[in-house]
Amino acid sequence: MTMTIANSLDDVLSGLANGARPIAGGTDLVVGSRQGKGALPDHLIAIDRVHELATIDVGDAGTRIGSGVTHATLMTNPTVVDSFTAIADAAALVGSPATRNVGTIGGNVMNGSPAMDTGAPLVVLNARAELRTLESTRLVHLDELWVGPGRTSAQKNELCTALVIPQQPESSGSAYVRLEYRRTMEIAIVGAAAAITLDDGIIRSAHVALTAVAPTILTVEGLAPLIGKPVDETTLATVAELASEQAAPISDLRASERYRRQMIGVMASRAVDAAARRAGGETLSVPVNRALGVGAQS
Ligand SMILES: Cc1cc2nc3c(=O)[nH]c(=O)nc-3n(C[C@H](O)[C@H](O)[C@H](O)COP(=O)(O)OP(=O)(O)OC[C@H]3O[C@@H](n4cnc5c(N)ncnc54)[C@H](O)[C@@H]3O)c2cc1C
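Worth saying up front: this structure is predicted, and the values here are computed from it rather than measured.

Observations regarding the overall build of the protein
Of regular secondary structure, the protein possesses 12 helices and 14 strands. Relative to a compact globule of 298 residues, whose C-alpha radius of gyration would be 19 Å, the protein shows 19 Å and is just as compact. If you line up the protein on its principal axes, its C-alpha atoms span 55 × 45 × 30 Å. By the burial criterion, 49% of the 298 residues in the protein qualify as buried. Considering only contacts in the protein between residues 6 or more positions apart, those separated by 24 or more positions represent 62%. Looking at charge distribution, the protein has the averaged site of its 24 positive side-chain charges lying 8 Å from that of its 30 negative ones.

Below, the structure is given as structure tokens:
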């Protein structure tokens, strides 16, 4: 195995064109290989020193979160916390401080796990992945990027350079909640993200996506009946029912299919409630799991 350290984006794109695989924080790639999930690739190119991948820029076309931005930055960056709070909620729950300090949003997205914590927040915020080669740049919706557990539609020579998120309308809020059995070094049993826009306390738009209940992050369909309604027990019960019906979870040693299906409804309704409270101007600190007492508290 050989590893090259890239100092510029061109170095990375040339490396990928020559068959190297990118490594950012290594918290999936290296840890996975040590756990026997697969051998390390023959040629790795380290991308963590490429400064232009690690910036967050607000522009007319939306906010560009560089793929090399770490979870530790996401959970504290004012733009992310204020405008895309669900991403900060998710980043704050990833692993441990050590994992968050080196693990990146690009690695989380491109690893393609259905349990990735930033995935559902990015989906409800309508993010697209920017994929670059030496010759081309394209923006891909995330439901077209993730094609199965651990699989993306990106070509081997394509680097994810950023996640691009449109500006959210006035009176919008988002939240991500996750069921977990312990507070650190945990992977989502199930999780849910919501983005809500209100108009005088009435729902103007609603988006919900689910973590760890299908082969990829799952978008909840059929939320139109919520539009024009207040966020109350009836609307939250509708969200819970739709999420539980549409989830297709598996049973494994961490939870049964039945338990996951039941709990995803609870998580989805809590995410909608928290997102709507934020849309209404209430401050719920990051991560909302701790603020609301969802998941493990100690
Ligand atoms: C102890 C521990 C706890 C964890 N807890 C959580 C958790 O709670 N929630 C969670 O979601 N994850 C968790 N993870 C998984 C991991 O930390 C995250 O997925 C992290 O964001 C991966 O980022 P990375 O930079 O380390 O990726 P890497 O390991 O460097 O890369 C992961 C994959 O993505 C590819 N890749 C990386 N960057 C790019 C890019 N820019 N373009 C194209 N491909 C790229 C790599 O080639 C590799 O295939 C945990 C991991 C550990 C070890």
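Don't stop here, the text continues.
Brief notes about the site of the ligand
Taken together, 31 residues lie around the ligand, and P22, T27, D28, T104 and D117 are the ones closest in. Between the ligand and the protein, one listed contact pairs an oxygen atom with a side-chain N or O atom of T104 at 2.6 Å. Within the side chain of D117, one N or O atom sits 2.7 Å away from a nitrogen atom of the ligand. Coverage of the ligand by the protein chains reaches 90% of its 980 Å² of free accessible surface. For the shell around the ligand, the elements supplying multiple residues, two or more each, are β2 (21–23), α2 (29–34), α7 (105–111) and β10 (159–165). At 4 residues, α7 tops the list of elements feeding residues into the shell around the ligand. The residue inventory of the shell around the ligand, partitioned by class, reads 14 nonpolar, 12 polar and 5 charged.

Regarding the packing of helix α10 (residues 233–246) against helix α11 (residues 257–279)
The contact between α10 and α11 brings their axes to 7 Å, and the two run at 140 degrees. As judged from the angle between their axes, α10 and α11 are oblique. In the crossing of α10 with α11, the sense of the turn from one axis to the other is right-handed. The residues of α11 that touch α10, namely those facing L236, V239, A240, A243, S244 and E245, are R261, Q262, I264, G265, A268, S269, V272 and D273. Of the residues that constitute the contact of α10 with α11, the class distribution is 7 nonpolar, 4 polar and 3 charged.

Examining the sheet that holds strand β11 (residues 172–179)
Here 4 strands make up an open sheet; going across it, the order is β11-β12-β13-β14 and the pairing antiparallel. In this open sheet, the two edge strands, each paired with only one partner strand, are β11 and β14 (218–219). Relative to strand β13 (residues 202–211), strand β12 (residues 190–199) runs antiparallel, the two being bridged by 9 bridges. Each bridged residue has a counterpart across the sheet, and for A193 the counterpart in β13 is A209. In this fold α11 packs onto β11, β12 and β13, with an angle of close to 30 degrees to the strand it touches most, β12.

A look at the side chain of T211
The residue T211 is located in strand β13 in this model. Look past the residues within four positions of T211 in its chain and what remains in contact with it is P114, A115, M116, A120, Y176, A188, V190, G191, A192, I217 and I264.

Quick notes on the nonpolar core
Within the largest apolar cluster, 36 residues are counted, with the highest numbers of intra-cluster contacts made by V208, L210, L223 and M267. For this core, the elements supplying multiple residues, two or more each, are β11, β12, β13, α10 and α11. A total of 10 residues in this core trace back to one element, the largest contributor, which is α11. Leave out the neighbours within four places in its chain, and L223 touches A206, H207, V208, V239 and L242.

Let's talk about α10
In this model, α10 (14 residues) spans 20 Å end to end at C-alpha, consistent with the 20 Å of a helix rising 1.5 Å per residue. Along α10, the positions that sit buried rather than exposed are T235, L236, V239, A240, L242, A243 and S244. In this fold, the buried residues of α10 make contact with β13 and α11. A side-chain oxygen of the first residue of α10 lies 3.1 Å from the backbone nitrogen of T234; this N-cap is D232.

Looking at the sheet that holds β2
Across the sheet, 3 strands lie side by side as β1-β3-β2; this open sheet has parallel pairing. The open sheet is flanked by β1 (2–5) and β2, the only strands paired with a single partner. With strand direction ignored, the average angle separating the axes of adjacent strands in the sheet is 30 degrees.

Focus on the pairing of strand β5 (residues 62–66)
Of all 5 residues in β5, 4 are buried; the element is thus mostly enclosed. Across 4 bridges, strand β4 (residues 56–59) lies against β5 in antiparallel orientation. In the strand pairing of β5, D57 is matched with R64. Across 4 bridges, the pairing between β5 and β10 is antiparallel. The partner of G66 across the bridge, within β10, is A162.

Thresholds, definitions, all that
- Residues numbered from 1 in each chain as written.
- Predicted model: local features only at pLDDT ≥ 70, side-chain atom pairs only at ≥ 80, totals over all residues.
- Heavy atoms only, no water.
- Helix = DSSP H or I, 4+ residues; strand = E, 2+ residues; numbered from the N terminus.
- Rg over C-alpha atoms; globule rule 2.2 N^0.38 Å.
- Buried < 20%, exposed > 50% of the residue type's maximum accessible area, 1.4 Å probe, protein only.
- Contact = heavy atoms within 4.5 Å.
- Lys, Arg positive; Asp, Glu negative; His and termini not counted.
- Charge placed at Lys NZ, Arg CZ, Asp CG, Glu CD.
- Near = heavy atom within 4 Å.
- Polar contact = N/O pair within 3.5 Å; in protein donor to acceptor, adjacent residues only side chain to side chain.
- Areas by Shrake-Rupley, 256 points an atom, 1.4 Å probe, with all protein chains shown as cover.
- Nonpolar A, V, L, I, M, F, W, Y, C, P; charged D, E, K, R; others polar.
- Axes fitted to C-alpha atoms, helices over the stretch in contact; angles between N-to-C directions.
- Parallel < 35°, antiparallel > 145°, perpendicular 65-115°, else oblique.
- Left-handed = near helix turned anticlockwise from the far one by under 90°.
- Pairing = 2+ DSSP bridges.
- Core = buried A, V, L, I, M, F, W, Y, C linked by side-chain atoms within 4.5 Å.
- Expected span 1.5 Å × (residues − 1).

These figures come from the coordinates and say nothing about function on their own.
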